[in-house]
Amino acid sequence: MGQYEARRKRPQEISPEEDPRPPRRRKRRRKKRSPVGIILLCLLLAAVIAAGAVWFWYTGEVNGSRIKDQTVEVEIPQGAGTAEIAAILEKEGAIGNATAFRFYSKYTAKADGSYQYGTFTLSPQEGYHSIIRDLQEVRQRLETVVLTFPEGYNAFQMGDVLEEAGFCTREEFVTALNEHTFDVDFIDEVGTDPLKLVRLDGFLFPDTYEFYADEEVDSIILRMLRNFEKRVLTQENREAMEKAGYSLEELVIFASIIQKESASVAEMYNVSSVFTNRLAAGSEYPRLESCTTNNYINDYIRPYYEDNPSQEVLTAYDTYDRSGFPIGAIANPGADAIDAALHPEKNTLDGDYYFFVTDVEYTHYYGRTYQEHLQNIEKAKAVNRRYGIEGLVS
């Protein structure tokens, strides 16, 4: 019985020294791993692989290793922009991808706007650098014509210059400005109101240009637009536009009026100051009342519509009848007029003026009040009489 009782002794009554069995190990519970980390790791790995694949593809595209060892002949038309050129190159097999070429041209080679027109024989396997270099080379020395467009000329006057030089007629020039498309980055900022007489008037930078004797009208316009982009759309001017609250369309309209109202650069800032005061919120004189807009109506709008323009068109340009700016520019302003529109604070006046009048000698008389303005009108008339002119000149 002693042995039996010993065998049946309860486990808790057996001391560890007496228990012949090895101690039991407690099973540890395995922590469940979250799948999120694994997924993120897989996504990261996939992104790295994808980025590497894209870079490998792009590098091969740029250096020409993905193109067959052959020569390709392409025809680049006059006035073609980078997008059109890239499409031609891709179609002819000179490059593999037009989007990649446009990216490289703009951001790496910085070659936009430097391409020539004509027939080119390219070696695609030499890569983008070689293709761009070839497309920038003038294939032959062509006869050129130098033309100067003075500041303040409108599209009709510029068209007359081109017609006299034998490039196109005035009508062809104006039609192209209104109906054709042009590859410039700011084109979406140009107003398209149907009441505008000439869509791109104000954006044709007045300058001296050297054109090929056989250059087409679209190529001529494109050069002028790109010159505008280069000379006007600087970072400094963009910031000044934003500060002044002007759109690009409003800036060129304002500058065109300043250009036509001013006889000198110094007067541009004074004229700008007067108009800016009139345009200010709560101004007692919210209309510009510029004679130059009426001149534009009489000299260009009425003849364009064969002396029968709609009242809507007349009102759109008449600054005596409407507040704020007219619907479109009345001229193509130069860099000084643009700067004056953006910086009226550079004026030389000694206070806030709301009126001015000029005499035949282009002297400007400024007035703070309408009463002062009436007195200045009489001063201007007195000067004009010495030249046999009765009244004011506009």
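Residues numbered from 1 in each chain as written. Predicted model: local features only at pLDDT ≥ 70, side-chain atom pairs only at ≥ 80, totals over all residues. Heavy atoms only, no water.

**Q** How should I be thinking about helix α11 (residues 265-279) in this particular structure?
**A** Along an α-helix, residues three or four positions apart point the same way, because every turn accommodates 3.6 residues. Helix length check: α11 (15 residues) gives 21 Å between terminal C-alpha atoms against 21 Å at 1.5 Å per residue, within 8%. Most of α11 is tucked away, with eleven of its 15 residues classed as buried. Listed in full, the buried residues belonging to α11 are Glu267, Met268, Tyr269, Asn270, Val271, Ser272, Ser273, Val274, Phe275, Asn277 and Arg278. (Helix = DSSP H or I, 4+ residues; strand = E, 2+ residues; numbered from the N terminus. Expected span 1.5 Å × (residues − 1). Buried < 20%, exposed > 50% of the residue type's maximum accessible area, 1.4 Å probe, protein only.)

**Q** I'm lost on the layout of surface pockets in this one. Help?
**A** One way to see where empty space is left: roll a probe the size of a water molecule over the atoms. Taken as a whole, the largest pocket encloses approximately 670 Å³ of empty space. Forming the boundary of the largest pocket are 28 residues, of which Glu261, Cys291, Thr358, Val393 and Ser394 lie nearest the centre. Among the secondary structure elements, those contributing two or more residues to the lining of the largest pocket are α10 (248-261), α11, α12 (291-304), β5 (355-358) and α15 (370-385). If you tally residues by element for the lining of the largest pocket, the top one is β5, at four residues. In terms of residue class, the lining of the largest pocket is made up of 15 nonpolar, eight polar and five charged. Gly113, Ser114, Tyr115, Arg223 and Arg226 are, among the 22 residues lining the second largest pocket, the residues nearest its centre. Among the secondary structure elements, those contributing two or more residues to the lining of the second largest pocket are α3 (82-92) and α8 (217-232). If you tally residues by element for the lining of the second largest pocket, the top one is α8, at seven residues. Taken together, the residues of the lining of the second largest pocket sort by class into eight nonpolar, nine polar and five charged. (1 Å grid on protein atoms, 1.4 Å probe; cavity = no way out; pocket = protein on both sides within 12 Å on 5 of 7 lines; lining within 4 Å. Points joined across faces, edges and corners; volume = space filled by probe spheres on them. Nonpolar A, V, L, I, M, F, W, Y, C, P; charged D, E, K, R; others polar.)

**Q** Help me out: how do you make sense of the packing of helix α4 (residues 98-108) against helix α5 (residues 128-135) in this one?
**A** When two helices pack together, you describe them by how their axes are tilted relative to each other and by the distance separating the axes. At a closest axis distance of 11 Å, the pairing of α4 and α5 adopts a crossing angle of 70°. As judged from the angle between their axes, α4 and α5 are roughly perpendicular. Note on element contacts: α5 touches α4 through Tyr128, His129, Ile131 and Ile132, opposite Ala100, Phe101, Tyr104 and Ser105. (Axes fitted to C-alpha atoms, helices over the stretch in contact; angles between N-to-C directions. Parallel < 35°, antiparallel > 145°, perpendicular 65-115°, else oblique. Contact = heavy atoms within 4.5 Å.)

**Q** What am I meant to see in the packing of aromatic side chains here?
**A** The description of an aromatic ring pair rests on the distance of the ring centres and on the angle between the ring planes. This model, assessed by the stated rule, comprises 27 aromatic pairs. Taking 5.7 Å as the distance between ring centres and 50° as the angle between the ring planes, the aromatic pair formed by tyrosine 285 and tyrosine 354 counts as tilted. Here tyrosine 285, found in the loop between α11 and α12, pairs with tyrosine 354, found in the loop between α14 (335-342) and β5; they are 69 residues apart in sequence, far enough to count as distant. Of the residues examined, tyrosine 285 reaches a relative accessible area of 22% and is grouped as partly exposed. By relative accessible area, which is 22% here, tyrosine 354 ends up partly exposed. Ring centres of tyrosine 353 and tyrosine 366 lie 6.4 Å apart, and the angle between their planes is 80°; this geometry places the pair in the edge-to-face category. A residue pair is termed long-range when its members are at least 10 positions apart, and tyrosine 353 in the loop between α14 and β5 and tyrosine 366 in strand β6 (residues 364-367) qualify at 13 residues. Here tyrosine 353 matches tyrosine 366 in class, with each residue buried. (Phe/Tyr/Trp six-rings, centres within 6.5 Å; stacked < 30°, edge-to-face > 60°.)

**Q** Which parts of the structure should I look at to understand the environment of glutamate 229?
**A** Note on placement: glutamate 229 falls in helix α8. Sequence separation between glutamate 229 and phenylalanine 205 is 24 residues; the distance between their C-alpha atoms is 8.6 Å.

**Q** Help me out: how do you make sense of the pairing of strand β1 (residues 72-76) in this one?
**A** Look at any regular strand and the pattern is simple: side chains alternate between the two faces of the sheet. What you see with β1 is a clean split: Val72, Val74 and Ile76 sit on the buried side and Glu73 and Glu75 on the side with no burial. With five bridges connecting them, β1 and strand β2 (residues 118-122) associate as antiparallel partners. Each bridged residue has a counterpart across the sheet, and for glutamate 75 the counterpart in β2 is threonine 119. (Pairing = 2+ DSSP bridges.)

**Q** Sorry if this is basic, but what is going on with the nonpolar core here?
**A** Generally speaking, nonpolar side chains in soluble globular proteins are found buried as a group. Formed by 73 residues in total, the largest nonpolar core has its most connected members in Phe173 and Ile221. Residues within four places of phenylalanine 173 in sequence aside, it is in contact with Ala155, Met158, Gly159, Leu162, Cys168, Leu204, Val217 and Ile221. Core analysis: the next-biggest nonpolar cluster, separate from the first, contains 24 residues, Ala80, Leu89, Ala111 and Tyr128 among them. (Core = buried A, V, L, I, M, F, W, Y, C linked by side-chain atoms within 4.5 Å.)

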